[in-house]
Amino acid sequence: MDRGNLLPIGQFSQASGLSITALRHYDASGVLVPAFVDPVSGYRYFRRDQVRTAQLIRALRQLDIPVEEVRRLLGGGEEGLAAALQAHLRAAERRLEVQRSVVHSLLNRLTEGAGMPHRVTVRQGAAERILVRGATLDSSGLDAFLRVAYREMYEVDGRGPLTFTGPAFIRFHGVCDDENETLVEACLPFWEDGAQPTELPGGMTVYELSESTLACTEVEGEAAAFPQILGAYDAVADWITAHGFTFAGPVRMVYRRWAGSPDHPDNRLEIAWPIDEPVDEPVDEQGQRLRRALIRPPESPVH
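These figures come from a predicted structure and were not determined experimentally.

Cut-offs used in this document
- Residues numbered from 1 in each chain as written.
- Predicted model: local features only at pLDDT ≥ 70, side-chain atom pairs only at ≥ 80, totals over all residues.
- Heavy atoms only, no water.
- Phe/Tyr/Trp six-rings, centres within 6.5 Å; stacked < 30°, edge-to-face > 60°.
- Buried < 20%, exposed > 50% of the residue type's maximum accessible area, 1.4 Å probe, protein only.
- Helix = DSSP H or I, 4+ residues; strand = E, 2+ residues; numbered from the N terminus.
- Pairing = 2+ DSSP bridges.
- Patch = residues over 30% accessible without salt bridge, like charges linked within 9 Å, V, L, I, M, F, W, Y side chains within 5 Å.
- Areas by Shrake-Rupley, 256 points an atom, 1.4 Å probe, with all protein chains shown as cover.
- Salt bridge = Lys/Arg side-chain N within 4 Å of Asp/Glu carboxyl O.
- Contact = heavy atoms within 4.5 Å.
- Polar contact = N/O pair within 3.5 Å; in protein donor to acceptor, adjacent residues only side chain to side chain.
- Axes fitted to C-alpha atoms, helices over the stretch in contact; angles between N-to-C directions.
- Parallel < 35°, antiparallel > 145°, perpendicular 65-115°, else oblique.
- Left-handed = near helix turned anticlockwise from the far one by under 90°.
- Nonpolar A, V, L, I, M, F, W, Y, C, P; charged D, E, K, R; others polar.
- Core = buried A, V, L, I, M, F, W, Y, C linked by side-chain atoms within 4.5 Å.

Enquirer: Explanation requested: the packing of aromatic side chains in the structure shown.
Expert: We describe a pair of aromatic rings using the distance from one ring centre to the other and the angle between the two ring planes. The full count for this structure, using the stated rule, is eight aromatic pairs. On the basis of an interplanar angle of 40 degrees and a centroid distance of 5.9 Å, the ring pair of Phe 36 and Tyr 45 is categorised as tilted. Of the two residues examined, Phe 36 and Tyr 45, each falls in the buried class. Measuring from centroid to centroid gives 6.5 Å for Phe 172 and Tyr 233, while their planes differ by 85 degrees, and the two rings are edge-to-face. Taken together, the positions of Phe 172 in strand β6 (residues 169-172) and Tyr 233 in helix α7 (residues 230-242) put the pair 61 residues apart, joining distant regions of the chain. In this structure Phe 172 comes out as buried when scored by relative accessible area, which is 11%. In textbook terms, an aromatic cluster arises when at least three aromatic residues are bridged by ring pairs, as seen for Tyr 150, Tyr 255 and Trp 258.

Enquirer: Can you walk me through the pairing of strand β5 (residues 128-137) in this structure?
Expert: Along any regular strand the residues' side chains alternate between the sheet's two faces. Of the strand pairs in this sheet, β5 and strand β8 (residues 204-209) are connected by six bridges, and their pairing is antiparallel. Note on β8: the bridge partner recorded for Val 132 is Thr 205. Across nine bridges, β5 lies against strand β7 (residues 182-190) in antiparallel orientation. Within the sheet, the bridge partner assigned to Ala 135 lies in β7 and is Val 184.

Enquirer: Can you help me understand the pairing of strand β11 (residues 251-257) in this one?
Expert: β11 sits mainly inside the fold: six of its seven residues count as buried. Of the strand pairs in this sheet, β6 and β11 are connected by four bridges, and their pairing is antiparallel. The residue of β11 that forms the bridge with Phe 172 is Val 251. As defined by bridge partners, β11 adjoins strand β12 (residues 268-276) across five bridges and the pair is classed as antiparallel. Of the residues in β12, the one forming a bridge with Arg 252 is Ala 272.

Enquirer: How should a nonpolar patch on the surface be read in this particular structure?
Expert: Taken together, Val 103, Leu 107 and Leu 110 make up a surface patch of nonpolar side chains, about 310 Å² in accessible area. Structurally, the position occupied by Leu 110 is in helix α5 (residues 77-112). Relative accessible area serves as the criterion here: at 70%, Leu 110 is assigned to the exposed category.

Enquirer: Any chance you could explain the environment of Arg 71 here in plain terms?
Expert: Mapped onto the elements, Arg 71 comes out in helix α4 (residues 67-74). Overall, Arg 71 belongs to the partly exposed group, its relative accessible area being 37%. With 14 residues separating them in the primary sequence, Arg 71 and Ile 57 have C-alpha atoms 8.8 Å apart. Every residue in contact with Arg 71, bar those within four places of it in the chain, is listed here: Ser 29, Gly 30 and Val 31. Among the polar contacts made by the side chain of Arg 71, one reaches the side chain of Glu 68 at a distance of 2.4 Å.

Enquirer: Quick question: what am I supposed to make of the side chain of Thr 217 here?
Expert: Its location among the elements puts Thr 217 in strand β9 (residues 212-220). Judged by relative accessible area, which is 3%, Thr 217 ranks as buried. With residues near it in sequence (within four places) discarded, Thr 217 still touches His 118, Arg 119, Val 120, Ala 232, Val 236, Leu 269, Glu 270 and Ile 271.

Enquirer: Help me out: how do you make sense of the packing of helix α1 (residues 9-16) against helix α3 (residues 50-62) in this one?
Expert: When two helices pack together, their arrangement is given by the angle between the helix axes and by the axis-to-axis distance. Here α1 crosses α3 at 55 degrees, and the two axes come no closer than 9 Å. If you check the angle between α1 and α3, you find them oblique. Note on packing geometry: the crossing formed by α1 with α3 is right-handed. Packed against α1, whose contacting residues are Phe 12, Ala 15 and Ser 16, the element α3 presents Gln 50, Val 51, Ala 54, Gln 55 and Arg 58 at the interface. Here the contact of α1 with α3 is built from residues that sort into four nonpolar, three polar and one charged.

Enquirer: Explain the sheet that holds strand β2 (residues 36-37) here, please?
Expert: Hydrogen bonds between backbone atoms are what pair the strands of a sheet, whose relative direction is either parallel or antiparallel. Spatial ordering of the open sheet is given by β1-β3-β2, a layout of three strands whose pairing is antiparallel. Each having just a single partner strand, β1 (6-8) and β2 make up the two edges of the open sheet. The pairing of β1 with strand β3 (residues 44-47) spans three bridges and is classified as antiparallel. The partner of Leu 7 across the bridge, within β3, is Phe 46. Here α1 sits on the sheet in contact with β1 and β3, set at roughly 95 degrees to β1.

Enquirer: How should I be thinking about the nonpolar core in this particular structure?
Expert: It is characteristic of soluble globular proteins that their nonpolar side chains tend to be buried jointly. Among the nonpolar cores identified, the biggest contains 38 residues, and Phe 172 and Met 253 are the most heavily contacted of them. Elements represented by at least two residues in this core include exactly β5, α6 (142-159), β6, β7, β9, α7, β11 and β12. In this view, Met 253 contacts Ala 168, Phe 169, Ile 170, Phe 172, Ile 229, Tyr 233, Leu 269, Glu 270 and Ile 271; residues no more than four positions away in its chain are not counted.

Enquirer: Would you mind going over the pattern of salt bridges with me for this structure?
Expert: If the charged atoms of two oppositely charged side chains come close together, the side chains can form a pair. Going through the model one piece at a time under the given rule, you end up with 13 salt bridges. Of the charged contacts in the structure, one is a salt bridge between Glu 270 and Arg 123, with a shortest N-O distance of 2.9 Å. A residue pair is termed long-range when its members are at least 10 positions apart, and Glu 270 in strand β12 and Arg 123 in strand β4 (residues 121-125) qualify at 147 residues. For the pair shown, Glu 270 and Arg 123 are each scored as buried. One network of salt bridges, in which partners are shared, links Glu 218, Glu 220, Arg 257 and Arg 268.

Below is the structure:
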């Protein structure tokens, strides 16, 4: 072995910008293995051309990429690494946009008081028969899933043909963001007395949705785009808790008007959350009036 091409760990640490402790850790985890370890002293030596790899590892770790992911990226070649970095950048930009939206929302609450800019109303949701295509995913896969799911549903309709009875909507069974996966269901209501779907593709089912009471708010244009729309979810959730109702099912995002792209100014979406009465919990006077009104649903519920 050419000892002249080797650097002891102390010098390698200075050249790479990685501490000796970090180099030992990356050796143990298989991310950056020394070229030579003295069998007597146990001293680690690195090749000079490993300095560039060490500097790359330092940069990747500064991006908060986990050690195991760094090892995988280094083994994928420069083309794979470049693609991964582009994906990491896009994810970071999405997180930054969400953080900006959250900060602006918090600042608005602080300057305008506790009132929310969204008007929350209550309506009756009729029982419906719906086509459902579900998947468990986080926000990064949401748009692609919905495009495929609704394309498949309209293909089923074309073989029917089905008679749609209301707008398409999505049901979220939990938090769907960059850090959390949840069951997401694309839903399309159709007339139960008309043609019925046959030979459904894998993962698609027919579901009977029960009648429900819904707390709702609508958003349009820029307010209907992500992440601004998160404020609408918060507004409905705040209203439900403030008036003493309970959450009675997964929240829905209803396509009241959809122009084909998430950021189109003509979009109009509704956030609708099923609610029910709580058990033995006090509510304010407005909440009591709402409950009395909900005992008798309106004769012509809005769908």
